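Chain by chain, the residues:
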Amino acid sequence: MSIDLATPLPNVLPDDAPFRLIGDTGKAVPPKQRKGFELPSIETLSLIYRKMVVARRWDTQVTALTRQGRLSTYPSARGQEASELGTVIAMRPTDWLFPTYRDSIAVLTRGVPTAEILTSFRGDWHCGWDPHEYSTAPQVTPLATQLLHAVGLATAAKLKGDPIAAVTFIGDGATSEGDSHEAFNFAGVWQAPTVFVIQNNQFAISVPYSKQTRARMLADRAVGYGIPGFHVDGNDAAAVYAVVSSALERARSGGGPTMIECLTYRTEPHTNSDDPSRYRNSKEVDAWRAKDPIERLERYLLSEGALTDADRESINAEAEEGARAMRDALNKDPVLDPLELFDHVYFAERPALKEQREALASELASRGSAGRTGGGE
Ligand SMILES: Cc1ncc(C[n+]2csc(CCOP(=O)(O)OP(=O)(O)O)c2C)c(N)n1
């Protein structure tokens, strides 16, 4: 076996300091520190800002509804908006997104209707939308499995000659799963048009980064797979957008996969059932809250004269309307058919499943219900 030297490996070593285009105080970094990346246009940054404000309001509203029992669990992405939306706004509608449970605001920004996003967190259906309609796969909970799906779809697209890329999110903890190794490796071998966005929010529930790995940074792993790795300030939407955009362009034009680590912080509990005060101190959380991604971009846009009072009013109105629509959707009781449980298991129904369906149907009938729940029944 020999290595094909006609296609030399790119320089894959990521930099020490996370790459940024806009610093903590909202000032753009000088051009010579931009490493060949361009600051996104004011129009793009304004769009990202608007979507981040809308997403945060939506996220806050979902969390509030968990307290009212309208859905059982919700993993908030508060504090991670720049990583989430800097990524999806860089995508084309035809690129595919493979999200995790953490990434509901990314799914929202892909245009999936609000009522269809939270069906799995309510326990109504596994996925409330048609993945093909939005080129957005179902949100997965089994850690790192989505990476394999992304590499599979990207490889198929490459074989068919479709000029699209697959983007997938993964948390720092999930990079310890074997599935992630397999996905990174085969993406490299097959040069699959995949962009891996690792959201290093520094915790896997209660397990901090330091107990997860001795690696200096997660993007260092890219070296071992022979793919380019980037270490990006995940609270800088401009940097995330710029690096993801260039990775997507490379992927779509046959340049293979990229691993991008976005260094950020989960400022909220892991989900509404977690108590983070048991494993981290409030000083650390406060320090990261002060690095808020929305405030950073807001400062930049204000300093450029690109955010007026009228803009803010219209953005806040849009955010309130989004929260209202979601609240209304979740305040309706779902009408569910328990017999749907048996649909979509096999292409052709098997005898054992048929028997179970009939048993449940007769039990429901004996209770005087046509098999539907919800709607106040
Ligand atoms: C294969 C598998 N193992 C364990 C779990 C339980 N689990 C759910 S979330 C989580 C932590 C994941 O942390 P990370 O990947 O850093 O993502 P984050 O939740 O911080 O976004 C664990 C261990 C799971 N869902 N799947």
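Residues numbered from 1 in each chain as written. Predicted model: local features only at pLDDT ≥ 70, side-chain atom pairs only at ≥ 80, totals over all residues.

1. Describing the domain arrangement of the chain
Then comes step 1: Split by domain assignment, the chain resolves into domain 1 (31-331) and domain 2 (335-377).
Then comes step 2: Of note, the centres of domain 1 and domain 2, computed from C-alpha atoms alone, are 36 Å apart. (Domains from an automatic or database assignment.)

2. Regarding the site of the ligand
Then comes step 1: L143, G171, G173, A174 and A204 are the nearest of the 14 residues found near the ligand.
Then comes step 2: Partitioned by chemical class, the residues of the shell around the ligand number six nonpolar, five polar and three charged. (Near = placed C-beta within 6 Å. Nonpolar A, V, L, I, M, F, W, Y, C, P; charged D, E, K, R; others polar.)

3. Examining the nonpolar core
Then comes step 1: Core analysis: the largest hydrophobic core is formed by 86 residues, its most contacted members being L85, V195, V243, V244 and I260.
Then comes step 2: Here this core takes 11 residues from helix 11 (residues 237-252), the largest share from any one element.
Then comes step 3: Apart from residues lying up to four places away in sequence, V195 is in contact with A165, V167, V244, A247, L248, A251, P257, T258 and I260. (Core = buried A, V, L, I, M, F, W, Y, C linked by C-beta atoms within 7 Å. Buried ≥ 20, exposed ≤ 12 C-beta atoms within 10 Å, placed from the backbone. Helix = DSSP H or I, 4+ residues; strand = E, 2+ residues; numbered from the N terminus. Contact = placed C-beta atoms within 7 Å.)

4. Considerations on helix 8 (residues 178-190)
Then comes step 1: Helix length check: helix 8, at 13 residues, gives a terminal C-alpha distance of 18 Å against a target of 18 Å (1.5 Å per residue), a fit within 8%.
Then comes step 2: Residues of helix 8 that are buried include every one of S180, A183, F184, A187 and G188, and no others. Relative to the axis of helix 8, the buried residues are bounded by an arc of 125 degrees and lie together on one face.
Then comes step 3: The inward-facing, buried residues of helix 8 abut helix 7 (145-160), strand 2 (166-171), strand 3 (194-200), helix 10 (221-225) and strand 7 (258-263). (Expected span 1.5 Å × (residues − 1). Arc of directions from axis to C-beta.)

5. Observations concerning unusual backbone geometry
Then comes step 1: Positive phi, close to 50 degrees, is recorded for Q191, a residue that is not glycine.
Then comes step 2: As for its position among the elements, Q191 is in the loop between helix 8 and strand 3.
Then comes step 3: The class of Q191 is partly exposed, set by 19 C-beta atoms lying within 10 Å.
Then comes step 4: The backbone of Q202 shows a phi angle near 75 degrees, a positive value even though the residue is not glycine.
Then comes step 5: Structurally, Q202 is set in the loop between strand 3 and strand 4 (203-204).

6. A few points about the pairing of strand 2
Then comes step 1: Where burial is concerned, most of strand 2 is hidden: six out of the six residues are buried.
Then comes step 2: Residues A166, T168 and I170 line one face of strand 2 and the alternating positions V167, F169 and G171 line the opposite face, and both faces are buried.
Then comes step 3: Examined bridge by bridge, strand 1 (residues 96-98) and strand 2 share three bridges and lie parallel to one another. Paired with L97 across the strands is V167, a residue of strand 2. (Pairing = 2+ DSSP bridges.)

7. Focus: the sheet that holds strand 2
Then comes step 1: Read from one edge of the open sheet, five strands run 1-2-3-7-6, paired in parallel fashion. Only two strands of the sheet have a single partner each, and these edge strands are strand 1 and strand 6 (229-233). For this sheet the average axis-to-axis angle between neighbouring strands, irrespective of direction, equals 20 degrees.
Then comes step 2: The sheet contacts of helix 2 (residues 81-90) involve strand 1, strand 2, strand 3 and strand 7, and relative to strand 3 the element is tilted by about 165 degrees. (Axes fitted to C-alpha atoms, helices over the stretch in contact; angles between N-to-C directions.)

8. What to know about the packing of helix 2 against helix 11
When two helices pack together, their arrangement is captured by the angle between the axes and the distance separating the axes.
Then comes step 1: Where helix 2 contacts helix 11, the two axes come as close as 8 Å, and the packing angle between them is 40 degrees. Here helix 2 is positioned oblique relative to helix 11, judged by the angle of their axes. Classified by chirality, the crossing of helix 11 by helix 2 is right-handed. Residues A82, S83, L85, G86, T87, I89 and A90 of helix 2 touch helix 11, and the partners they reach there are A237, V240, Y241, V244, S245 and L248. (Parallel < 35°, antiparallel > 145°, perpendicular 65-115°, else oblique. Left-handed = near helix turned anticlockwise from the far one by under 90°.)

9. Notes on the environment of L147
Then comes step 1: Examined against the element boundaries, L147 turns out to sit in helix 7.
Then comes step 2: By the C-beta count within 10 Å, which is 29 here, L147 ends up buried.
Then comes step 3: As a C-alpha pair, L147 and I170 span 23 residues in sequence and 7.8 Å in three-dimensional space.
Then comes step 4: Residues within four places of L147 in sequence aside, it is in contact with T168, I170, D179, S180, A183 and F196.

10. Side note on the packing of helix 1 (residues 42-67) against helix 2
Then comes step 1: Remark: helix 1 packs on helix 2, axes separated minimally by 10 Å, with the N-to-C direction vectors making an angle of 130 degrees. Classified by the angle their axes make, helix 1 and helix 2 are oblique. In the packing of helix 1 onto helix 2, the handedness of the crossing is right-handed. Between helix 1 and helix 2, the contacting residues are L47, I48, K51, M52, A55 and R56 on the first element and E81, L85, G86 and I89 on the second.

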